Amino acid sequence: MLSYQHIFHAGNHADILKHYVLLFVLNSLNKKEKPYTFFDTHSGSGLYDLLDNRSLKTNEAEKGILHILNNNVDSNFYFDFIKAFIDNKQYPGSPVIELKNLRKSDFLVLSELHPQEYCNLKNNINILKDENNCSVAVHNRNGWEMLKALTPPKTKRGAVLIDPSYEEIKDYEDAAETIVHVNKKWNNGIILLWYPLLNHRSQIIENMLNQIIEGCKKNNQNIEISNLQLLVDEKDAHKEVALKEFLEHSEDKKNPPRLYGSGMLVINSPWMLKDSTEAFINDIEKIIRR
């Protein structure tokens, strides 16, 4: 399916976790001078207008990043980076975060299958890219296939962000199969997987995570793996109701959204990522669950 467009969700609580972890990994890679390659399998359009009708319709940024920034949070590398975009009523997607943090010697490989999102992605990269940015390749291609075909990269060092829509059950299966396969042939590559926390799919999600962890540990028993979760509601807070009842009570949290949080599974987790992110999550949960 190609119906998913991230502009409806840009700047929500899932983006906050995902992009904090992404920036931590990029900062970690940048500590060494050697070049690296970064892959992004489900890139989206890369930059989102928070005044767009689609963003305003769901209001997820208002409940997410804008709510956080309005609560006098302590400064950190994530907030410092995105504030310039927020001031311009925009939210940066992962490709723009990657473009602006990779160095001139590094390589960025983006893949987006949705035809309109692919066009938007190319346009945004062309507008934002300058001579000091890394080399960028933008593919209108299946992200799973792209990652399998292009790894390991020539640079040897590198990482990948995997962030599918999970509209179909097959995305969970593809994530597990692809990650174990890529880890086996690119054993030092850092793999970041974002995943939703959905009560009605909890067993599918648990099976995916177990398959990935077991498969990667079979490849290397001593591999560092971090599983980080941001919870904005209770797991059993959502209940299935008729559409009419949901619309009648949408403002009083009688029926909270299905996505009660999200997670980031990181294979070959960099030093201090887990401690840093858990402290960040603790601060964010206190604000976002008020």
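Use the structure listed above.
Residues numbered from 1 in each chain as written. Predicted model: local features only at pLDDT ≥ 70, side-chain atom pairs only at ≥ 80, totals over all residues. Heavy atoms only, no water.

Caption draft 1: Spotlight on the overall build of the protein. A tally of regular secondary structure across the protein gives 12 helices and nine strands. A compact globule built from 290 residues should have a C-alpha radius of gyration of about 19 Å, and the protein, at 18 Å, falls within 12% of that. With the C-alpha coordinates aligned to their principal axes, the bounding extent of the protein is approximately 55 × 40 × 40 Å. Within the protein, contacts between residues at least 6 apart in sequence are counted, and of these 83% link residues at least 24 apart. With an accessible surface of roughly 14100 Å², the protein has 49% of that area assigned to carbon and sulfur atoms. Taking the 35 positively charged and 39 negatively charged side chains of the protein as two groups, their mean positions are separated by 5 Å. (Helix = DSSP H or I, 4+ residues; strand = E, 2+ residues; numbered from the N terminus. Rg over C-alpha atoms; globule rule 2.2 N^0.38 Å. Contact = heavy atoms within 4.5 Å. Areas by Shrake-Rupley, 256 points an atom, 1.4 Å probe, with all protein chains shown as cover. Lys, Arg positive; Asp, Glu negative; His and termini not counted. Charge placed at Lys NZ, Arg CZ, Asp CG, Glu CD.)

Caption draft 2: The arrangement of the packing of aromatic side chains in detail. Scanning the model with the defined rule gives 10 aromatic pairs in all. Ring plane angle 85° and centroid distance 5.9 Å describe the contact between Phe-39 and Trp-186, whose orientation is recorded as edge-to-face. With Phe-39 in strand β1 (residues 37-40) and Trp-186 in the loop between α9 (170-185) and β7 (190-198), this pair connects stretches of sequence that are 147 residues apart. Both residues of the pair, Phe-39 and Trp-186, belong to the buried class. Clustering of aromatic rings is evident, with ring pairs tying together Tyr-20, Phe-24, Phe-77, Tyr-78, Phe-79 and Phe-280. (Phe/Tyr/Trp six-rings, centres within 6.5 Å; stacked < 30°, edge-to-face > 60°. Buried < 20%, exposed > 50% of the residue type's maximum accessible area, 1.4 Å probe, protein only.)

Caption draft 3: Layout of the side chain of Glu-285. Note on placement: Glu-285 falls in helix α12 (residues 273-288). Taking the relative accessible area as the measure of exposure, Glu-285 reaches 18% and is therefore buried. From its side chain, Glu-285 meets the backbone nitrogen of Leu-231 in a polar contact 2.7 Å long. In this structure Glu-285 touches Gln-229, Leu-230 and Leu-231, once residues within four positions along its chain are discounted. (Polar contact = N/O pair within 3.5 Å; in protein donor to acceptor, adjacent residues only side chain to side chain.)

Caption draft 4: Region of interest: helix α8 (residues 143-150). Looking only at α8, the buried set comprises Gly-143, Trp-144, Met-146 and Leu-147. One face of α8 carries all of its buried residues, which in axial projection span an arc of 165°. Its buried side turned inward, α8 meets β1, β4 (107-111), β6 (158-162) and α9. Two or three places before Trp-144, at the opening of α8, Asn-142 has a side-chain oxygen 2.9 Å from that residue's backbone nitrogen. (Arc of directions from axis to C-beta.)

Caption draft 5: Structural context of the environment of Ile-288. Tracing the backbone shows Ile-288 in helix α12. Judged by relative accessible area, Ile-288 falls into the buried class, the value being 13%.

Caption draft 6: Here's a closer look at the pairing of β7. Across the nine residues of β7, nine count as buried, placing the element largely inside the fold. Relative to β7, β6 is paired through four bridges, and the arrangement is parallel. Following the sheet pairing, Ile-162 is matched in β7 by Leu-193. In this fold, the crossover linking β6 to β7 by way of α9 has right-handed handedness. Note: β7 against strand β9 (residues 259-267), eight bridges, orientation antiparallel. Bridge pairing links Tyr-195 to Gly-263 in β9. (Pairing = 2+ DSSP bridges. Right-handed = clockwise from strand over helix to strand, strands pointing away.)

Caption draft 7: Here's a closer look at the nonpolar core. Of all hydrophobic cores here, the largest spans 78 residues; its most connected members are Tyr-78 and Met-208. Apart from residues lying up to four places away in sequence, Tyr-78 is in contact with Asp-15, Ile-16, His-19, Tyr-20, Leu-23, Ile-65, Tyr-91 and Phe-280. (Core = buried A, V, L, I, M, F, W, Y, C linked by side-chain atoms within 4.5 Å.)

Caption draft 8: Region of the structure containing the environment of Leu-209. With respect to the helices and strands, Leu-209 occurs in helix α10 (residues 202-219). Judged by its relative accessible area of 8%, Leu-209 is buried. Put simply, Leu-209 and Leu-108 are 101 residues apart on the chain and 26 Å apart in space, counted from C-alpha to C-alpha. Residues within four places of Leu-209 in sequence aside, it is in contact with Tyr-195, Asn-227 and Leu-265.

By themselves, these figures tell us nothing about what the structure is for.
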